[in-house]
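Given next are the chains, with one letter for each unit.
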Amino acid sequence: MDEARPTVTDMPKAFDPQAIEAGWYARWEADQLFVADALSDRPKFAMCFPPPNITGELHLGHALQTAVYDTIARYKRMTGHEVLFLPGYDHAAIATQNVLEKQLAKEGLTKEQLGREKFDERVEQWYEQTGATIINQLRLLGASMDWTRLRFTMDSRYYRSVMTAFVAFYEKGWIYRAPRIVNWCPHDRSAISDLEIEWQEHQDTLYVIKYPIEGGGDVTIATVRPETMLADTGVAVNPQDKRYRSIIGKTAILPLVGRKLPIVADDAVEMEFGTGALKVTPGHDPLDYEIGQRHGLEIVNGMHEDGTMNVPDLPYDGLPALEARRRIVEDLKAQGLVVKEEPYTHEVGHCDRCHTIIEPLISDQWWMRMEEMRDNAVAASVAGKVRWHPERYERTYLDWLRGLHDWNIGRQLWLGHRVPVYRCDNGHVTVSVDRPEACPECGSDQLVQDPDVLDTWFSSALWPFATLGWPDDTDDLDAFYPTEVNCTAREIINLWVSRMIMTGLEFMDEVPFGDVVIHCVVQAADGRRMSKSLGTGVDPRDLLNKYGADALRAWAASVAMSTQDVRFDETRVEGYRRFCNKLWNATRLVLASPGTLSAQSPGFLERQEHLEDRWILSRLSNAVTQITSGLEGFAFQDSIEAAYGFAWNELCDWYLEAVKDRLREGDQAAQDVASYCLDNLLRLLHPMMPFVTEELWSRLPGPRDYVMRTDWPDLAGRFVDPGAEEEFEQVVGIVEEVRGHRQAAGAPPRGGSLHLDRAVSDTVAGLVARLAHVDLVDVMEARGTPLAVVAGRVNFPAGTGDARREKERQRLQGDLDKTEARLANPDFREKAPSEVVANLEERATGLRQALERLTARE
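On a predicted model such as this, the values are computed, not experimentally measured, just so you know.

### Considerations on the overall build of the chain
Next, step 1: Assigned secondary structure in the chain consists of 26 helices and 28 strands.
Next, step 2: Of the contacts formed within the chain by residues at least 6 apart in sequence, a portion of 77% connects residues at least 24 apart.
Next, step 3: In the chain, the 95 positive side-chain charges and the 135 negative ones have mean positions that sit 4 Å from each other.

What follows is the structure, encoded as structure tokens:
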């Protein structure tokens, strides 16, 4: 930092984040503050940023997550670590393909009409454009990422890592291809994961239908989707169900089709659902598939990949599902087979990317065996190698792992990592990291690569070590693996966190990170999920433009580790914008005082004589302990709360008010203490609020480097002074009481006299006189009270006390009535977040106490 030092004379009267943020970020980058040195002898600390999907702009959840990560990164640099904060983004195959297909649809095109080559060109353009947008947004947030190590899951180095992992798994016999039931998206024409299904409530009709039984009689079944009955191959009942014991082993006849259906007994059938008899469609329902496997039932695939009916020789063939349902019900009614219809509410799975209804279908897919990796991951958790914050999420992780089945890793998309499996024209199969020039078995050069691509989570599962150069032996891999922290939302614990742990143990023999931090989910103000399509989304760039990055980051620190999801409240961001301005004005006040910072000999600050100096230094020592403890324990809300309380309430509202006259007079001790407190406060706040702290830090007297290259404050109990704290708390209590009397009396802001119990010291009395703005403080003889704060009288100059008291009483009573009315509303108490209810209850208590004080003075 060689440029001329700014002074208070060129310091605007108010903080303007737009005027300083871009300039500071450019300087940080130019001086390579974020570039990690793998060969440094400092202790290493690495974090690989969860790669956002390259589908568009970042949302508020990304902003919160980025703020948490960057807070940790900046703090660790200040505590002496060599920090790698590695950025990147993910190709997000299904999501990105959906975005591009929507663009093509607006142009009247499909990807098939465009062609594979032109589509790939379009994808590359999208990657370049959207990747740049994401990087710019992360910079606006102040993310101190090492951009020299930016990674993308589709870049050539990462692609090789993915291919290497696939081949390794295949050679161990863990990857195989087989037809099994999957979640099929008819729009994307691809399988998707159980974890990528969005469940929506549907209002449908439950149909009760008679199936004739050979030899006489019938069995009734209940279904919401009569169109799937065309693929029925059995009927199942619970063996304990007395109603159906006589028909077990008989054969039903499938209406409209004539197929013979064995009636089997299976414990999986719920006797309470519908009629208690289940139509079994092994090709179109996961539970039915399992029942069919147990009883050797035929599998009929009743739908095409586009969701239309696949029933050759029947009049419903090729019809969309809903049209087929309508016609099937009509035909069943014509044959007198519909017993009844009734409304039915249930949850229906949709693709979470395109929102199409999911159709379970039998499909020939690539699968991966998970038993060994699953068991290793469970063992690592039991051994305490991964710590969860909050701890309860470890149970989420373990419960999912213990029920884990083989993983469907294939996707039928155009976009993504192609499966590295090649077949020659003689049918030989080759699995290779690099495309072979010829078949190793027969020498044929006519090779066709498998058309499937890999599930995006297969590639992102390698993120903590593939980003560091694996499978090559690199300096980065040696220095920075395992990484330290993974911070994410709970919905991808199973999708991503668990898989990173499994692959890290498999390929690196060590878990990929020691701490998993699960942050909250930010909801819209009305409690709905944030969504552009719903109109409930909040663009973080709008907040950055209005309030600046520091305010948004401080808000993120205050809510990130909430025990429940958080409804977004913009006023809280606005509040931290005012906090920035408070810091700004406090610094202006200190810098405006005459004189310069004196040279400090050892123990200089400990020898302060003034009560207010000793008190604020003691409070600073306490703030350092609280803020550090919060950051170390991932309780970021504790850190920002402690910093806010010290800065606003103690330093600005009390200390600087107490020493304002001393600063104007050039009192050296006041200057030194105020500057020392600001110096430490700006360092303590820097990880959470980097821009305003850097700007103000640069203006303080003395040698200045970047804040992030300074040491983290470590006062180790230095300055702790219980006596000074106790005395100053007397001052605070008395002054607040006087201010309350003054306000209630409607008296002028200055003047009057105060009579106190002699239990307070002359020092306390003098400070009270200054801070309460009274002309005389008379210390009276004690009257038996141990330490009365206000034991005597408060006399103020004449004012409009009666009228003002009544106006104040009416205001307080009105506020109390409104607050109590909200608290008395049971709907409000049920729906409002607990923290909102608690705040209102606290407000009501305060209003009642204020009314009581006012009444007592009348």
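### A word on the packing of helix H6 (residues 156-171) against helix H14 (residues 493-508)
Next, step 1: Between H6 and H14, whose axes approach to 12 Å, the crossing angle comes to 75°. Between H6 and H14, the crossing angle belongs to the class labelled roughly perpendicular. Between H6, through Ala165, Ala168 and Phe169, and H14, the contact on the second element is made entirely by Thr503, Glu506 and Phe507.

### Overview of the pattern of salt bridges
Next, step 1: By the definition in use, this model includes 52 salt bridges.
Next, step 2: A salt bridge links Arg116 to Asp120; the shortest N-O distance between them is 3.9 Å. Of this pair, Arg116 and Asp120 both sit in helix H5 (residues 116-140), four residues apart, roughly one helical turn.
Next, step 3: According to the relative accessible area criterion, Arg116 is partly exposed, its value standing at 31%.
Next, step 4: The class for Asp120 is partly exposed, based on a relative accessible area of 35%.
Next, step 5: Its salt-bridge partner being Arg411, residue Asp455 comes within 3.3 Å of it at the nearest N-O pair. Taken together, the residues span a long stretch of sequence, with Asp455 in the loop between strand E21 (453-454) and helix H11 (456-460) and Arg411 in strand E17 (residues 410-411) at a distance of 44 residues. Arg411 carries the same exposure label as Asp455, and that label is buried.
Next, step 6: Counted as one network, the salt bridges with shared partners bring together Arg177, Asp364, Arg423, Asp450 and Asp452.

### Some thoughts on the sheet that holds strand E22 (residues 485-489)
Next, step 1: Reading across the sheet, the three strands line up as E15-E23-E22 and stay open at both edges, with parallel pairing between neighbours. Of all strands in the sheet, those bounded by a partner on one side alone are strand E15 (387-389) and E22. Neighbour-to-neighbour, the strand axes of this sheet turn through a mean angle of 20°, independent of strand direction.
Next, step 2: Relative to strand E23 (residues 515-519), E22 is paired through five bridges, and the arrangement is parallel. Opposite Ala489, over in E23, you have His519 as the bridge partner.

### Side note on H5
Next, step 1: Along its 25 residues, H5 runs 36 Å from first to last C-alpha, staying within 8% of the 36 Å computed at 1.5 Å per residue.
Next, step 2: When H5 is considered as a whole, its buried residues turn out to be Phe119, Val123, Trp126, Tyr127, Thr130, Gly131, Ile134, Ile135, Gln137 and Leu138.
Next, step 3: Looking at the packing, one finds that the buried side of H5 touches helix H2 (60-78), strand E3 (88-89), helix H3 (93-106), helix H4 (111-114), strand E4 (151-152) and helix H15 (540-547).
Next, step 4: Gly142 lies just past H5 and shows a positive phi near 85°.

### A short note on the packing of aromatic side chains
Pairs of aromatic rings are described using the distance from one ring centre to the other and the angle between the two planes.
Next, step 1: According to the stated counting rule, one finds 35 aromatic pairs in the structure shown.
Next, step 2: Relative to Trp28, the ring of Tyr25 has its centre 5.9 Å away and its plane inclined at 70°; by these criteria the two rings are edge-to-face. With Tyr25 and Trp28 both in helix H1 (residues 17-30) and three residues apart, this pair spans about one turn of that helix.
Next, step 3: What makes Tyr25 buried here is its relative accessible area of 5%.
Next, step 4: Judged by relative accessible area, Trp28 falls into the buried class, the value being 0%.
Next, step 5: Grouping aromatic residues by their ring pairs yields a cluster made of Phe166, Phe169, Tyr170, Trp174, Trp366, Trp407, Phe458, Phe465, Trp470, Tyr481 and Phe507.
Next, step 6: The ring of Trp407 is capped by Arg499, whose NZ or CZ atom sits 3.9 Å from the centre of that ring.

### Observations concerning the sheet that holds strand E7 (residues 197-212)
Next, step 1: Read from one edge to the other, the open sheet built from three strands follows the order E8-E7-E13, with strand pairing classed as antiparallel. In this open sheet, the two strands that pair with only one neighbour each are strand E8 (218-223) and strand E13 (338-351). Along the sheet, successive strands turn relative to each other by an average axial angle of 20°, direction set aside.
Next, step 2: Examined bridge by bridge, E7 and E8 share six bridges and lie antiparallel to one another.

Cut-offs used in this document
- Residues numbered from 1 in each chain as written.
- Predicted model: local features only at pLDDT ≥ 70, side-chain atom pairs only at ≥ 80, totals over all residues.
- Heavy atoms only, no water.
- Helix = DSSP H or I, 4+ residues; strand = E, 2+ residues; numbered from the N terminus.
- Contact = heavy atoms within 4.5 Å.
- Lys, Arg positive; Asp, Glu negative; His and termini not counted.
- Charge placed at Lys NZ, Arg CZ, Asp CG, Glu CD.
- Axes fitted to C-alpha atoms, helices over the stretch in contact; angles between N-to-C directions.
- Parallel < 35°, antiparallel > 145°, perpendicular 65-115°, else oblique.
- Salt bridge = Lys/Arg side-chain N within 4 Å of Asp/Glu carboxyl O.
- Buried < 20%, exposed > 50% of the residue type's maximum accessible area, 1.4 Å probe, protein only.
- Pairing = 2+ DSSP bridges.
- Expected span 1.5 Å × (residues − 1).
- Phe/Tyr/Trp six-rings, centres within 6.5 Å; stacked < 30°, edge-to-face > 60°.
- Lys NZ or Arg CZ within 6 Å of the ring centre and 35° of its normal.

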